[in-house]
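Structural features, examined
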Amino acid sequence: MVDIMSFIDSNASNPPHQPPGGSTDHLADDESVRITLTGSRRAVKRAINDLHRLKYVRGSEWSRLIALQNSKEVITVAIRRFLGQG
């Protein structure tokens, strides 16, 4: 399992809101990605808090936690929108 903070710290030169090339010229006027978190309730809540603290996805933008059948895990989804530059 990858620790989100270690991953982000190791990729600090490419912040999440900026593509590796440093340019968003290739984005359409409104593009988005769906971010899914799956894991124990505690781990998912921690990831949500970490992403909120990093100002990537606000805590209020996540769906409610949904328990997965026959599992002790939950799932949640958020949409991250990227506005085009032109």
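These figures come from a predicted structure and were not determined experimentally.

**What about the sheet that holds strand 2 (residues 66-67)?**
- What the 3 strands build is an open sheet, ordered 1-3-2; its pairing is antiparallel. Of all strands in the sheet, those bounded by a partner on one side alone are strand 1 (30-40) and strand 2.
- Here strand 1 runs beside strand 3 (residues 73-83); their pairing, made up of 11 bridges, is antiparallel. By the bridge assignment, T38 is partnered in strand 3 with I75.
- Strands in contact with helix 2 (residues 41-53) are strand 1 and strand 3; relative to strand 1, the strand with the most contacts, it is inclined by about 145°.

**Some thoughts on helix 2**
- A rise of 1.5 Å per residue sets the reference length of helix 2, with its 13 residues, at 18 Å; its end C-alpha atoms lie 18 Å apart and thus fit the reference within 8%.
- Taken together, the buried positions of helix 2 are V44, A47, I48, D50 and L51. Buried residues of helix 2 fall within an arc of 165° about the axis and therefore sit on the same side. For helix 2, the exposed residues set more than 90 degrees away from the buried face come down to R42, R46, N49 and R53.
- Count one or two residues on from helix 2 and you reach K55, which has phi positive near 60°.

**Side note on the side chain of R80**
- Within the fold, R80 resides in strand 3.
- Here Y56 takes part through its backbone oxygen, which lies 3.0 Å from a polar atom of the side chain of R80.

**Quick look at the nonpolar core**
- One finds L37, V44, I48, Y56, V57 and W62 to be the most contacted residues of the largest nonpolar core, which totals 13 residues.
- At the level of elements, strand 1, helix 2 and strand 3 are the ones that each hand at least two residues to this core.
- With 4 residues, the top contributor of residues to this core is helix 2.
- Ignoring any residue separated from it by four or fewer positions in sequence, one finds V44 in contact with L37, T38, G39, L65, V74 and T76.

**Description of the packing of aromatic side chains**
- Under the criterion given, the structure shown has 0 aromatic pairs.
- Above the plane of the ring of Y56 lies R80, whose end atom (NZ or CZ) is 4.6 Å from the centre.

**Quick look at the side chain of T76**
- Along the chain, the position of T76 falls in strand 3.
- Only 2.7 Å separates the side chain of T76 from the backbone oxygen of S63, close enough to count as a polar contact.
- Sequence-distant contacts of T76, defined by excluding residues within four places in its chain, comprise I35, T36, L37, V44, I48, W62, S63, R64 and L65.

**A closer look at the pairing of strand 3**
- Where burial is concerned, the two faces of strand 3 differ: the one with V74, T76, A78, R80 and F82 is buried and the one with E73, I75, V77, I79, R81 and L83 is not.
- Inspection of the sheet shows strand 2 paired to strand 3 by 2 bridges, in the antiparallel sense. The residue of strand 3 that forms the bridge with I66 is I75.
- The hairpin formed by strand 2 and strand 3 contains 5 residues between the paired strands, and N70 there has a positive phi angle of roughly 55°.

Criteria and thresholds
Residues numbered from 1 in each chain as written. Predicted model: local features only at pLDDT ≥ 70, side-chain atom pairs only at ≥ 80, totals over all residues. Heavy atoms only, no water. Pairing = 2+ DSSP bridges. Helix = DSSP H or I, 4+ residues; strand = E, 2+ residues; numbered from the N terminus. Contact = heavy atoms within 4.5 Å. Axes fitted to C-alpha atoms, helices over the stretch in contact; angles between N-to-C directions. Expected span 1.5 Å × (residues − 1). Buried < 20%, exposed > 50% of the residue type's maximum accessible area, 1.4 Å probe, protein only. Arc of directions from axis to C-beta. Polar contact = N/O pair within 3.5 Å; in protein donor to acceptor, adjacent residues only side chain to side chain. Core = buried A, V, L, I, M, F, W, Y, C linked by side-chain atoms within 4.5 Å. Phe/Tyr/Trp six-rings, centres within 6.5 Å; stacked < 30°, edge-to-face > 60°. Lys NZ or Arg CZ within 6 Å of the ring centre and 35° of its normal.

Keep in mind these numbers describe shape, not what the thing actually does.
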